[in-house]
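Residue-level structure breakdown
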Amino acid sequence: MRLGRWRILPCTESAIARVAQLKALRLNVRLMDLRIAAVALEHQALVVTRNRRDFGRVPGLSVEDWSV
């Protein structure tokens, strides 16, 4: 699915399993952010956010802050 020029990534079964793995790590990151991170990890995607503090705790996740 696309929103303008941006593609909306699906939450697959493997992403749901990845959420469980991330929760087990006790990263002190909220569930919705773990879900976003899991989808990005499954699709090898970049997360663009101002919330580098929380997303930066997720191992292997590529994060950029475009607000600076």
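In case you missed it, the structure is sitting above this.
First things first, this report covers the structure right here in the doc. (Residues numbered from 1 in each chain as written. Predicted model: local features only at pLDDT ≥ 70, side-chain atom pairs only at ≥ 80, totals over all residues. Heavy atoms only, no water.)

Okay, the overall build of the protein chain next. For the protein chain, the count of helices and strands is three helices and four strands. Secondary structure elements of the protein chain occur, N-terminal to C-terminal, as β-β-α-α-β-α-β. For the protein chain, the spread of C-alpha atoms along the three principal axes comes to 35 × 30 × 15 Å. A total of 68 residues make up the protein chain; the buried ones form 31% of that total. Total accessible area on the protein chain is roughly 5,200 Å²; 53% of this is exposed by carbon and sulfur atoms. If the 12 positive side-chain charges of the protein chain are averaged to one point and the 6 negative ones to another, these points end up 3 Å apart. (Helix = DSSP H or I, 4+ residues; strand = E, 2+ residues; numbered from the N terminus. Buried < 20%, exposed > 50% of the residue type's maximum accessible area, 1.4 Å probe, protein only. Areas by Shrake-Rupley, 256 points an atom, 1.4 Å probe, with all protein chains shown as cover. Lys, Arg positive; Asp, Glu negative; His and termini not counted. Charge placed at Lys NZ, Arg CZ, Asp CG, Glu CD.)

Turning to the nonpolar core, a few remarks are in order. Judged by nonpolar contacts, the single largest core of 14 residues is most densely connected at L22, L27, L34, A37, F55, V58 and L61. Going through the elements one at a time, helix 1 (13-24) and helix 2 (31-42) are the ones with two or more residues in this core. No other element matches the five residues that helix 2 contributes to this core. (Core = buried A, V, L, I, M, F, W, Y, C linked by side-chain atoms within 4.5 Å.)

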